[in-house]
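One letter stands for each residue in the lines below.
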Amino acid sequence: MRRPGPALLAVIVVLAMVLRFVATLVLKQPLQSDALSYFTMAQGMAAHGELVDNFGQHVFYSAGYPLFLAPFFVVFGAALPVALAVNLLLTTISVLLVYRLALALSNDHQAGLVAAVIFALWFPGIWNATVLAKENLSTPLLLALALCAVGVARGGTLVALVAGLLWGAALVTGGSALLLCAGVGLALVLLWRREGRVLPAFRSGLCFLLGALLTLGPWLYATDRMVGRPVLTTNAAFNLYIGNNPAATGRFVSIADTPLGKDWNAVRERLGEVANSDRLQVAAVQWIAANPARAGELALLKLGYFWEPNIPDAADFAASRATASIRLIEVAEYLVILVAGLMAFRSRLIARDDKWIIAAIIVGFWVIHATAYIIARYRDPVIPLLIVMASIPLAAWLRKVVGHAG
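Because the structure is predicted, anything quoted here is derived from the model rather than measured.

Caption draft 1: How the structure looks around the overall build of the chain. Check the secondary structure of the chain and you find 18 helices and zero strands. Structurally, the chain occupies a C-alpha span of about 70 × 60 × 50 Å along its principal axes. The buried share of the chain, reckoned over its 406 residues, is 51%. Long-range contacts, defined as pairs at least 24 residues apart, comprise 73% of the intrachain contacts of the chain with a sequence gap of at least 6. Carbon and sulfur atoms make up 68% of the accessible area of the chain, which totals about 18700 Å². Each charge sign in the chain was given a centre, from 30 positive and 21 negative side chains, and these centres are 11 Å apart.

So this is what it looks like as structure tokens:
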């Protein structure tokens, strides 16, 4: 197939950036909650090399996103516009990765362009770019890891090293990336089957582990120095407890509404990050052991909530009819992407092995969320994979329609 000119892809990149820039100007998101914590961490890292959030914690919030922001703060200054400009950079990277992954799965440049356009118009992607959210970094990392996993199955040894680096970076950016390695693991099995001998897969597997070690090793050493133990984050136990306690619903509930909410701040400050994290983990595990049926029910609810459309309610319309109306468009967009993306797994235009790899990554990212709680934006990094899958049969259908029209 004749390759479309790079100018078309450049136009799509500009479209994605303009939409997000305009949304930033219109929404004027306040610097609060998680966004304030990420900003404070990046600001401290840029100013004096210390990673501390606005609550005085070192590694409660996942550090990948603020660590990515910090060098830009050093060069351009620690300011919100700088961070939002970095989000636009990450948008550009994501658009290019969406295009490249669709091309890798289909050998169809037009499918890549269709995927890039859909991603540019994807409402949650536009929204996330207007705030300091780790999903801005998690998304390109997940896309790049999926692209590398496909490359590993096709015999790439160096690409396995890159996959390991990306997986480590994704883990530092968010613990939900833990099971993304399932896609690479399956790719190694498929490589073994294709080659008919174990050595190529074994060599690529070692490269993957080496890459992960090169990323995670320095971070674990740093956390050991900061909090006295090598940990990815002290947030994982908090999330586990919020999702598994007598007040748990499957969605986020305030720590104040849980049994450990009494004197929360005083106890947290007295124990410190690690000891408080241990306390939360013990409480969550004990509750799960004592209430296995309820814990299992909550896990199933979370798996359902993960894919539930983010439909605005009456309170949302009362707060802003315009914003709620846009969210209705987002719901329609999401449902089309979800259905078309899942249906694409039946398409003959995508190789069976590639389908299995993408499916393993999606399932790995989905299943890990059954352990904690669900917020709608938690699924955002994995939706571009469905966009990529849907774009391939859609591009073929569009060519057929245009051909008949001509």
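Caption draft 2: Representation of unusual backbone geometry within the structure. Positive phi, close to 55°, is recorded for Asn-107, a residue that is not glycine. Note that Asn-107 resides in the loop between helix H4 (80–106) and helix H5 (109–120). You will see that Asp-263, though not glycine, has its phi angle at about 55°, which is positive. In this fold, Asp-263 is placed in the loop between helix H11 (235–243) and helix H12 (264–271).

Caption draft 3: Representation of a nonpolar patch on the surface in the model. Taken together, the side chains of Val-14, Val-18, Phe-21, Val-22, Leu-25, Val-26, Leu-27 and Trp-127 present a nonpolar region at the surface, about 720 Å² in accessible area. Here Val-18 lies in helix H1 (residues 6–27).

Caption draft 4: Structural detail: the packing of H1 against H4. Contact geometry of H1 with H4 gives a least axis separation of 10 Å together with a crossing angle of 145°. In terms of crossing hand, the pair formed by H1 and H4 is right-handed. Here H1 contributes Leu-9, Ile-12, Val-13, Ala-16, Met-17, Arg-20, Phe-21 and Thr-24 to the contact with H4, which in turn contributes Leu-84, Leu-88, Thr-91, Thr-92, Val-95, Leu-96 and Tyr-99. A per-class count over the contact of H1 with H4 returns eleven nonpolar, three polar and one charged.

Caption draft 5: The arrangement of the packing of aromatic side chains in detail. Overall, the coordinates contain 14 aromatic pairs when judged by the stated rule. One cation-aromatic arrangement involves Arg-251 over Tyr-305; the distance from NZ or CZ to the ring centre is 3.7 Å.

Caption draft 6: View of the environment of Ala-370. Examined against the element boundaries, Ala-370 turns out to sit in the loop between helix H17 (352–367) and helix H18 (383–405). Under the relative-accessibility criterion, Ala-370 is labelled buried at 13%. Apart from the residues within four sequence positions on either side, Ala-370 is in contact with Ala-299, Lys-302 and Leu-303.

Analysis parameters
- Residues numbered from 1 in each chain as written.
- Predicted model: local features only at pLDDT ≥ 70, side-chain atom pairs only at ≥ 80, totals over all residues.
- Heavy atoms only, no water.
- Helix = DSSP H or I, 4+ residues; strand = E, 2+ residues; numbered from the N terminus.
- Buried < 20%, exposed > 50% of the residue type's maximum accessible area, 1.4 Å probe, protein only.
- Contact = heavy atoms within 4.5 Å.
- Areas by Shrake-Rupley, 256 points an atom, 1.4 Å probe, with all protein chains shown as cover.
- Lys, Arg positive; Asp, Glu negative; His and termini not counted.
- Charge placed at Lys NZ, Arg CZ, Asp CG, Glu CD.
- Patch = residues over 30% accessible without salt bridge, like charges linked within 9 Å, V, L, I, M, F, W, Y side chains within 5 Å.
- Salt bridge = Lys/Arg side-chain N within 4 Å of Asp/Glu carboxyl O.
- Axes fitted to C-alpha atoms, helices over the stretch in contact; angles between N-to-C directions.
- Left-handed = near helix turned anticlockwise from the far one by under 90°.
- Nonpolar A, V, L, I, M, F, W, Y, C, P; charged D, E, K, R; others polar.
- Phe/Tyr/Trp six-rings, centres within 6.5 Å; stacked < 30°, edge-to-face > 60°.
- Lys NZ or Arg CZ within 6 Å of the ring centre and 35° of its normal.

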